[in-house]
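These are the residues of each chain, in order.
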Amino acid sequence: MFFHPIPLSGAYLIELDKKADERGFFARAFCEQECGQHGLATHICQVNNSLSTRKGTLRGMHYQLAPKAETKIVRCLRGALYDVILDLRIGSSTFGKSFGADLTADNRRMIYVPKGFAHGFITLTDNTEALYFVDEFYSPGHERGIRYDDPKFRISWPAEPSVISDKDKAFPSFDAVWHLGEP
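Residues numbered from 1 in each chain as written. Predicted model: local features only at pLDDT ≥ 70, side-chain atom pairs only at ≥ 80, totals over all residues. Heavy atoms only, no water.

K.L.:
Would you mind going over the overall build of the chain with me for this structure?
P.N.:
Within the chain, the secondary structure is distributed over 3 helices and 14 strands. Computed over its C-alpha atoms, the radius of gyration of the chain comes to 16 Å, within 12% of the 16 Å expected for a compact globule of 183 residues. Each principal axis of the C-alpha distribution contributes one length, and for the chain these read about 55 × 35 × 30 Å. Within the chain, contacts between residues separated by at least 24 positions form 77% of all contacts whose residues are at least 6 apart in sequence. Of the accessible surface of the chain, which amounts to about 9300 Å², a share of 51% is contributed by carbon and sulfur atoms. (Helix = DSSP H or I, 4+ residues; strand = E, 2+ residues; numbered from the N terminus. Rg over C-alpha atoms; globule rule 2.2 N^0.38 Å. Contact = heavy atoms within 4.5 Å. Areas by Shrake-Rupley, 256 points an atom, 1.4 Å probe, with all protein chains shown as cover.)

Given below as structure tokens:
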């Protein structure tokens, strides 16, 4: 695996180290040892799968508060998506900054999302499927979300969403007490 640091400290784009031959290729999508050597989370307790049937579907921006904060590794298995992470770590030099990248079935890139980041994506094709490796169990009492269009963060998306859940639409504008406080 190849770990490429991005401008937000602790986050990475990960590329597969493909071993190719006449049959195709073989590559690891997760390695506890390699992640540990880069100081990344090595414990995975859930693997989640999402399918978005329509291009322009936006999911996010989701995260959980401590002590149930999540680290995620996200990969696109089918189709294409534009993946965004937002640094919400109090005291971080990049607090409020976001980063986005195309994750596609063809490029097989993954994004490493550290604890303290919100995460979301918009699909670029119909029938886009994503896989998430997560190091913490879902905890509804710690769940939070940032509006994808919150003016405080001005996240740059490649397109306007055409499908967004009522839950994601209802996230309040940024409020430090609710978004960063204890549940």
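On we go.
K.L.:
It is not clear to me how unusual backbone geometry should be interpreted in this structure. Could you clarify?
P.N.:
Trans is the prevailing form of peptide bonds, just as negative phi is the prevailing case for residues other than glycine. Omega for the bond connecting G60 with M61 falls within 30 degrees of zero, at 5 degrees, which places this linkage in the cis form. Mapped onto the secondary structure, M61 falls in strand 6 (residues 57-64). Phi at R154 takes a positive value of approximately 45 degrees, unusual for a residue other than glycine. Take R154: it is sitting in the loop between strand 13 (143-145) and strand 14 (163-164).

K.L.:
What is the right way to look at the sheet that holds strand 12 (residues 128-134) in this model?
P.N.:
Strand-to-strand pairing in sheets goes through backbone hydrogen bonds, with the strands running parallel or antiparallel. An order of 1-2-10-7-12-5 is seen for the 6 strands of this open sheet, with the pairing classed as antiparallel. The open sheet has two edge strands, strand 1 (2-5) and strand 5 (46-52), and neither has a second partner. Looking at each pair of strands side by side, their axes are set apart by 25 degrees on average, direction ignored. Pairing between strand 7 (residues 72-78) and strand 12: 6 bridges, direction antiparallel. Bridge assignment links R75 to a residue of strand 12, and that residue is L131. (Pairing = 2+ DSSP bridges. Axes fitted to C-alpha atoms, helices over the stretch in contact; angles between N-to-C directions.)

K.L.:
What's the story with the side chain of T104 in this structure? I'm lost.
P.N.:
Mapping T104 onto the fold places it in strand 9 (residues 98-104). Engagement of the side chain of T104 in a polar contact is seen with the backbone nitrogen of N107, the distance being 2.7 Å. Aside from chain neighbours lying at most four places away, what touches T104 is C76, G79, A80 and R109. (Polar contact = N/O pair within 3.5 Å; in protein donor to acceptor, adjacent residues only side chain to side chain.)

K.L.:
I keep staring at the pairing of strand 12 and nothing clicks. Help me out?
P.N.:
Residues in a regular strand point their side chains to alternate faces of the sheet. For strand 12, the tally of buried residues reaches 7 of 7 residues, placing the bulk of the element in the interior. Burial along strand 12 is two-sided: T128, A130, Y132 and V134 and E129, L131 and F133, pointing in opposite directions, are all buried. Here strand 5 pairs with strand 12 via 7 bridges, running antiparallel. Its bridge partner being in strand 12, N49 is matched across the sheet by L131. (Buried < 20%, exposed > 50% of the residue type's maximum accessible area, 1.4 Å probe, protein only.)

K.L.:
Would you explain the nonpolar core in this entry?
P.N.:
Nonpolar side chains in soluble globular proteins tend to be buried together. Counting 18 residues, the largest nonpolar core has L13, I85, F99, L103 and I111 as the members making the most contacts within it. Elements with a contribution of two residues or more to this core: strand 7, strand 8 (80-87), strand 9, strand 10 (110-113), strand 11 (117-123) and strand 12. Listed in part, the 17 residues of the second largest apolar core include Y63, L65, Y82 and F174. (Core = buried A, V, L, I, M, F, W, Y, C linked by side-chain atoms within 4.5 Å.)

K.L.:
I tried to follow the pairing of strand 10 on my own but got confused; where do I start?
P.N.:
Judged by which residues are buried, strand 10 turns out to be covered on both faces: M110 and Y112 on one side and I111 and V113 on the other are all buried. Sheet topology note: the strand 2 (residues 12-15)/strand 10 ladder contains 3 bridges and is antiparallel. Counterpart to I14 in the pairing with strand 10 is M110. Where strand 7 meets strand 10, 4 bridges bridge the pair, whose relative direction is antiparallel. Residue pairing in the sheet places V74 in a bridge with I111 of strand 10.

Read these as spatial facts, not as claims about activity.
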